[in-house]
Amino acid sequence: MNWNYIVRRVALFLVVVWAAASVNFFVPRLGTGRDPIREKLGQLAASGGLRQDGIEAMVKAYQAKFGLDKPLYVQYLNFLGDTFTLDLGYSLANYPARVGQMIGNAIPWTIGLMVVSVLIGFALGTLIGALSAWPNAPPWVRSLAVPFMTLSAIPPYLLGLIVLYILGLKMQWFPLSGGYSPGMLAIASVDFYLDVLHHSILPALAIVLQAVGFWALGMRGMMVTTSGEDYVTLAEANGLRNRTIFFRYGLRNAMLPQFTALGLSLANVVAGQVIVEVIFAYPGIGTVLFQAIQSSDYTVINGVVLILIMSIGLVTMLMDFLYPLLDPRISHSRQN
Amino acid sequence: MSESVNNREPLLDISGLEVHFETRRGIARAVNEVDLTLYKGERFGLVGESGSGKTTMILALLRMIKTPGFIAGGKAVFDDGTDLLALNAEQVRQTRLKRVAMVPQGAMNSLNPVIRIGEQMMLTMREHGEEGERDELMARVVGLLEKVGLKPEAASLYPHELSGGMKQRACIAQAICLNPQLILADEPTSALDVVVQRQIMQTLRQLQIGLDATVLLVGHDMGLMAQFAERVGIMYGGKLVEVGTVSDIFRNPQHPYTQLLISSIPSFETRGDFKGIPGVALSLLDPPSGCLFHPRCPKATDACAQREPTLKEVSPGQWASCLLHEEEHDATAS
Ligand SMILES: Nc1ncnc2c1ncn2[C@@H]1O[C@H](COP(=O)(O)OP(=O)(O)OP(=O)(O)O)[C@@H](O)[C@H]1O
Ligand SMILES: [Mg+2]
């Protein structure tokens, strides 16, 4: 990998963010003749029984406040500047909360729960899928993949409801919702972390149970191909240990396509697990997005979508940088 | 066949080797009662048409026959009394490469694409309990690479950065890293161009002489065989039908199949017409009675369909499995 490639790849990432931001900016303005400020004030006036006289003045005042009185290109440049400095404006529903702050509060929860569960599901699924296609694996391990593949056909929110019902409601082993117990002081203490862990197990289970089968299925196919490769045969003929052949010759090579899928899956964590977060009332980005949609909180929706696009762009960029390290046959230096 | 050839000591005594494949239409005897003694430091060539069981025999010696195949019987006893076919899984693993090494056919894809050549070789050595600092092992790797004609820099390359011939050299370097007594090479150069082929065979011979190892070479290229091997074995339908020194086999073949095989080698005198062996290759699932070759044999008699011949010494050091010789044999014996 060389600097030339890195610079071009980062530039491509910035172009993606710019395009996403532009779509975010222009699409709402395509609805001709609608003015959200006037509409909102009109609604307030109507429901509050106020008089309509002052409204024009208020509209003007708000437009000045939000910069909407300026020409379109100035608005656009301001918007781009804000976007690249991650200033996402105010929440409409929770004014004066700032969108950046709302997302910032939610992100650690989403990363902590969702990303970790996706990684666990990936690791387990990859291992089980690989073993299920490995001729020398014990039969009971090989049959493990079947129940997981069945589970993967069930959407995670349904699995969520099932684990909630059985382990939360019937057995009462785990709390039903939230990221931590109400009234718990959200400070860095052992008690708090244990409480968070306790709350995270059910939603994590729902995601892991669903993901394992998905990863196992992909890995199984790759491993069938890889276990027939000449280098695996020769490794066996050279008397390498079974375990070494499995991990360093089989799994290691069969896994390469899995990484691409993992990158996309991690980037999609936020959008993909919205419903799971909502079911468990988990304080992550999915819940923020869900509530924003319910309350037509456009700035928050825009903000979440923008963060989503940025994270997908960022992760695919990182994958591109990582891939030559994983597979030496892929090299970026030749592309000059 | 226990007396020495050219005063050499026997290394591996294969007797009654049977490998069967279980198929839906019955059992195929891919290796059929093969008796063969390999001597220390000799180069033995194994030839025979496609499907005659050459690869299967090599895999049996490595204990790498996979289902639906299995080793149905026989022995392969080393000079120290170890029977290869009686070892348990861990013993088999330790025997591989240390005593019996393989040079693969498809060198193009026989190295792990994500590990550098040197690392792969060190990994292989460590798996066999070769201890030592990284530097020490690396020095050994470089030494091995030089022995097969590769530069030390090859150690830090990935397989895709090597040409086909270089990859095959790397595979040979790996095969000899623990000084094996027996090297099994199944068409090691069939994927390479003629010039590279000869160079690699040359290297293999130098190494074999240096190590005083025995090489069992499988191949279709009779020219290459004639140059490389000292003794040659001919297989037909899973059976070893003739064994002899390379000059006996080429100048004075005794089995009708060998005779046809030798006379079908193209030369400039016979340019123009493709000589082959009449008839079709036999089906292992439905073998003919008596001698397996009799339906295609120009010299077959009625007896050939009745009785199964066995390997008989027809002249010193040359063995053939044919009733024509058994009759002579019986005649001279009585
Ligand atoms: N997996 C298998 N299942 C069924 N039969 C098999 C299997 N592998 C090999 N055989 C049978 O064993 C016989 C010997 O095959 P083998 O590969 O040893 O031949 P070969 O002499 O190496 O041929 P070639 O010169 O083409 O490499 C063949 O007739 C084949 O039908
Ligand atoms: Mg073969």
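Located above this text is the structure these notes cover.
The structure contained in this document is the topic of the report that follows.

Here we come to the overall build of chain B. A count of helical and extended segments in chain B gives ten helices and eleven strands. Relative to a compact globule of 334 residues, whose C-alpha radius of gyration would be 20 Å, chain B shows 21 Å and is just as compact. In terms of overall dimensions, chain B has C-alpha extents of about 70 × 50 × 45 Å along its principal axes. Here chain B holds 334 residues, and 51% of them are scored as buried. Summarising the internal contacts of chain B: among those between residues at least 6 apart in sequence, 65% fall at separations of at least 24. As displayed, chain B offers around 14800 Å² of accessible surface, 51% of which is attributable to carbon and sulfur atoms. Charged side chains of chain B number 33 positive and 41 negative; the gap between the two group centres comes to 4 Å.

With that out of the way, let us pick up the state of the cysteines. Residues and elements named next belong to chain B. On inspection of all chains with the given rule, the structure shows zero disulfides over all chains. For the unlinked cysteine C291, the closest cysteine sulfur is that of C304, found at 5.9 Å. Using a relative accessible area of 12% as the deciding quantity, one classes C291 as buried.

Turning our attention to a nonpolar patch on the surface. Together, V10, L12, L14, V15, V16, W18 and F84 of chain A give the surface a local cluster of nonpolar side chains, amounting to about 580 Å² of exposed area. By the secondary structure assignment, W18 of chain A is in helix α1 (residues 3-30).

Residues and elements named next belong to chain B. Residues in contact with ligand 1 amount to 14 residues; listed here are only the nearest, S50, K54, T55, T56 and H220. The side chain of K54 places a nitrogen or oxygen atom 2.8 Å from an oxygen atom of ligand 1. Contact distances for ligand 1 include 2.6 Å between an oxygen atom and a side-chain N or O atom of H220. Calculation on ligand 1 without its partners gives an accessible area of 640 Å², and the protein chains cover 65% of this total.

With that settled, consider the packing of aromatic side chains. Taken as a whole, this structure holds 15 aromatic pairs over all chains when the rule is applied. Considering the side-chain rings of W134 of chain A and F246 of chain A, the 5.5 Å spacing of their centres and the 70° angle between planes classify their relative orientation as edge-to-face. Placement of W134 of chain A in the loop between α5 (99-132) and α6 (139-143) and of F246 of chain A in helix α11 (residues 242-254) is noted, with a sequence separation of 112 residues between them. Residue classification places W134 of chain A among the buried positions, given a relative accessible area of 5%. Between F246 of chain A and F247 of chain A, the ring centres sit 4.9 Å apart and the planes meet at 80°, which makes this aromatic pair edge-to-face. On the accessibility criterion, F247 of chain A (37% relative accessible area) is partly exposed. Among the aromatic residues, ring-to-ring pairing joins F25, F26, Y76 and F79 of chain A into one connected group. We note R43 of chain B situated over the ring of F228 of chain B; from NZ or CZ to the ring centre the distance is 5.6 Å.

As a further point, take α11 of chain A. Among the residues of α11 of chain A, T244, I245, F246, Y249, G250, L251, N253 and A254 of chain A are the ones counted as buried. Structurally, α11 of chain A contributes buried residues whose contacts are with α5, α9 (190-227), α10 (230-237) and α12 (256-267) of chain A together with α3 (117-127) of chain B.

Glancing now at unusual backbone geometry. Residue and element names in this part refer to chain B. A cis geometry characterises the amide bond from T67 onward to P68, with omega recorded as 10°. You can see P68 is positioned in the loop between α1 (54-61) and β4 (69-78). At E187, a position not held by glycine, the phi torsion is positive, near 45°. For E187, a relative accessible area of 16% puts it in the buried group. One non-glycine residue, D212, adopts positive backbone phi at about 55°.

What follows is about the interface of chain B and chain A. Taken residue by residue, the interface counts 25 residues in chain B and 21 residues in chain A. Between chain B and chain A, the buried area comes to about 2200 Å², and carbon and sulfur atoms account for 56% of it. Applying the counting criterion to the chain B and chain A interface returns two salt bridges. With a shortest N-O distance of 2.8 Å, K66 of chain B and E236 of chain A are connected by a salt bridge. Every element with two or more residues in the side of chain B that touches chain A is listed here: α3 and α5 (164-175) of chain B. Take the side of chain B that touches chain A: its biggest share by element is four residues, from α3 of chain B. The residue inventory of the side of chain B that touches chain A, partitioned by class, reads twelve nonpolar, nine polar and four charged.

So, how was this worked out
Residues numbered from 1 in each chain as written. Chains lettered and ligands numbered in written order. Predicted model: local features only at pLDDT ≥ 70, side-chain atom pairs only at ≥ 80, totals over all residues. Heavy atoms only, no water. Helix = DSSP H or I, 4+ residues; strand = E, 2+ residues; numbered from the N terminus. Rg over C-alpha atoms; globule rule 2.2 N^0.38 Å. Buried < 20%, exposed > 50% of the residue type's maximum accessible area, 1.4 Å probe, protein only. Contact = heavy atoms within 4.5 Å. Areas by Shrake-Rupley, 256 points an atom, 1.4 Å probe, with all protein chains shown as cover. Lys, Arg positive; Asp, Glu negative; His and termini not counted. Charge placed at Lys NZ, Arg CZ, Asp CG, Glu CD. Disulfide = S-S within 2.5 Å. Patch = residues over 30% accessible without salt bridge, like charges linked within 9 Å, V, L, I, M, F, W, Y side chains within 5 Å. Salt bridge = Lys/Arg side-chain N within 4 Å of Asp/Glu carboxyl O. Near = heavy atom within 4 Å. Polar contact = N/O pair within 3.5 Å; in protein donor to acceptor, adjacent residues only side chain to side chain. Phe/Tyr/Trp six-rings, centres within 6.5 Å; stacked < 30°, edge-to-face > 60°. Lys NZ or Arg CZ within 6 Å of the ring centre and 35° of its normal. Buried area = accessible area lost by both parts, 1.4 Å probe. Nonpolar A, V, L, I, M, F, W, Y, C, P; charged D, E, K, R; others polar.

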